[in-house]
Amino acid sequence: MNNKLYHNLIFELSHNGREGYSLPKNEFSRHALPNSMLREHPAELPECDEMTVVRHYTNHSGNNFGVDNGFYPLGSCTMKYNPKINDEIAGNRHFLNLHPLQPEETTRGAASVSKTLRKALSEIIGMADFTLKPCAGAHGELTGLMIIRGYHESRGDTRRTKVIVPDSAHGTNPASAAVCGLEVVEVKSKDDGTVDVDDLATKLDDSIAAMMMTNPNTLGLFEHDIVRIVEMVHQCGGLMYYDGANFNPLLGVCRPGDMGFDVVHLNLHKTFSTPHGGGGPGSGPVGVRDGLQAFFPMVNPYHGNFLVELRALTYILTLGKENLMKVGSLATLNATYIKEQIKDIYELPIEGLSKHEFVFNGLRDKSTNVTTMDVAKRLLDFGYHAPTIYFPLLFHEAMMIEPTENESLETIDKFIKVMRQIAEEARTQPEKVKSAPHNTPISRVDDVMAARQPVLVFPENKL
Ligand SMILES: Cc1ncc(COP(=O)(O)O)c(C=O)c1O
């Protein structure tokens, strides 16, 4: 591989005068800009021949890692395979070229897609209806809390300004509550990792608007007291909000609506096999139980990410009811199999039945000083994406593994073998693990420098 092309910025490959572009003929008339808006000097753009540009970006694109490249056990994120048929359907020009302001009589097919998806999600989750407008999980959370706030306000119950959030919750839960103008009250987890019902009882009064819960929670544990928790919150007049980011293991097994939840968001880009993108295009539909439909707020001027919805519907219809019913169980089986095969060498802080993901607290043998970060970096050498590390915050060396239901036994067995090999290396040659990765284009980067000292433009003196 040509390392220079591989590492350089396009600006460093630039040569004055080496332009190689041709633009289509301008079919529109010219509109002069006022002088105050014009540049004083021409823009300093890279000047490269076409082959250099093609090789540069092709080589860089090879640095990306996705589910299509290899195993991607990123806990909490459900990086499930996106079947290619999803893209094929979404690429159909009749859908692709729609405009949100097109006359209604020309978009009946699209409206029917949205309606069918809303119906399917309602049945899968056990809700009365869904809005497809929110564009991410966190956006769904905000939408859901706005629904809850609207409900209380409609009853003149304006004292309900607090939202209960377990200490194991994803950071977006308290953040969404705060953005919605609600106060966050934290409830503790017990030693077994689930919500402490006794602690919850002390937090309940007529100032509680809602409780947000992820089930299974961020440790991958099913909240076994869920029915009691729902009863307690309902009794004090609050509503139950289900963060559906972890819904994958329950798909086909049980329904949040049947557990008593009132409002639910789903991450289509997790459970329903649509792309995660770089923060988008996501989709976080919000479902409500009967009686709450009137409180759907305006959170998007148009229809949400329609082509993402179309992909999710394609996934649901391709699998069909029978296969959809197997997803949750297979996701749980795969995760449990990995956990059981390596828990003798990686520390499992909470024993017991977990679902689609589980959390280790680093290696069991702490005498090697090999950290979770080191193990994650060494995994890159074997062609894997690293698991989620240092989240949830309940353990110092958290390593959260989620294989999803799609992986074959061979892939999972190979991963187990590599995890065991890394543990052995940590014992016999710790420096090899501590200095990993060795096979990637660059080795360890400073994790925080890019955030603390961002370089957002190419320095002029290097041009
Ligand atoms: C439990 C949980 N809730 C909420 C979210 C937020 O979802 P999004 O990233 O789509 O905004 C995530 C994302 O990872 C999550 O894991």
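Residue positions are counted from 1 within each chain, in the order its sequence is given. Only residues with pLDDT of at least 70 get local features here, since the model is predicted, and only at 80 or more are side-chain atom pairs given and counted; chain-wide, interface and lining totals rely on the full set of residues. The side-chain figures draw on all heavy atoms in the structure; neither hydrogens nor water molecules are used.

### Let's talk about the site of the ligand
Item 1. Here a residue is near a molecule or strand as soon as one of its heavy atoms is found within 4 Å of it. All residues adjacent to the ligand are Ser76, Ala136, Gly137, Ala138, Glu141, His170, Thr172, Asp243, Ala245, Asn267, His269 and Lys270.
Item 2. Taking Asn267, its side chain carries an N or O atom lying 3.0 Å from an oxygen atom of the ligand.
Item 3. For the accessible areas, the method is Shrake-Rupley and the probe is 1.4 Å, while residue cover comes only from the protein chains on display. Here the ligand, which alone exposes 390 Å², has 86% of that area covered by the protein.
Item 4. Strands here are runs of E lasting at least two residues and helices are runs of H or I lasting at least four, both read from the DSSP assignment and numbered beginning at the N terminus. Within the residue set of the shell around the ligand, elements represented by two or more residues are α6 (137-154) and α11 (268-271).
Item 5. No other element matches α6, which puts 3 residues into the shell around the ligand.
Item 6. When residues are grouped by polarity, Ala, Val, Leu, Ile, Met, Phe, Trp, Tyr, Cys and Pro land in nonpolar, Asp, Glu, Lys and Arg in charged, and all others, Gly among them, in polar. Here the residues of the shell around the ligand sort into 3 nonpolar, 6 polar and 3 charged. In protein, a polar contact requires one atom able to donate a hydrogen and another able to accept it; more generally it is a pair of N or O atoms within 3.5 Å, and residues adjacent in sequence count only if both atoms are side-chain atoms.

### So, the sheet that holds strand β10 (residues 398-401)
Item 1. Strands pair, by our definition, only if DSSP identifies at least two bridges between them. Across the sheet, which stays open at both edges, the 3 strands sit in the order β8-β10-β9 with antiparallel pairing between neighbours. The open sheet is flanked by β8 (358-361) and β9 (388-389), the only strands paired with a single partner.
Item 2. Sheet analysis places β9 next to β10, joined by 2 bridges and oriented antiparallel. Bridge pairing in β10 links Thr388 to Met400.

### Considerations on the packing of α6 against helix α7 (residues 172-179)
Item 1. Whenever a helix is involved, its axis is fitted only over the stretch in contact; in every case the axis is a line through C-alpha atoms, and angles between N-to-C directions fall within 0 to 180 degrees. Two elements in contact, α6 and α7, have axes whose closest approach is 9 Å; the angle formed by their N-to-C orientations is 45 degrees. As summarised for this structure, α6 and α7 are arranged oblique, according to the angle between their axes. Regarding α6 and α7, the two cross each other, and that crossing is right-handed. The segment α6 lies against α7, with Ala138, Glu141, Leu142 and Leu145 engaging Thr172, Asn173, Ser176, Ala177 and Val179.
Item 2. Here the contact of α6 with α7 is built from residues that sort into 5 nonpolar, 3 polar and 1 charged. We call two directions roughly parallel when the angle between them is under 35 degrees, roughly antiparallel when it is over 145, roughly perpendicular when it lies between 65 and 115, and oblique otherwise. Here a crossing is taken to be left-handed if its near helix is turned anticlockwise relative to the far helix by less than a right angle, and right-handed if that turn runs clockwise. Every residue pair with non-hydrogen atoms within 4.5 Å of one another is taken to be in contact.

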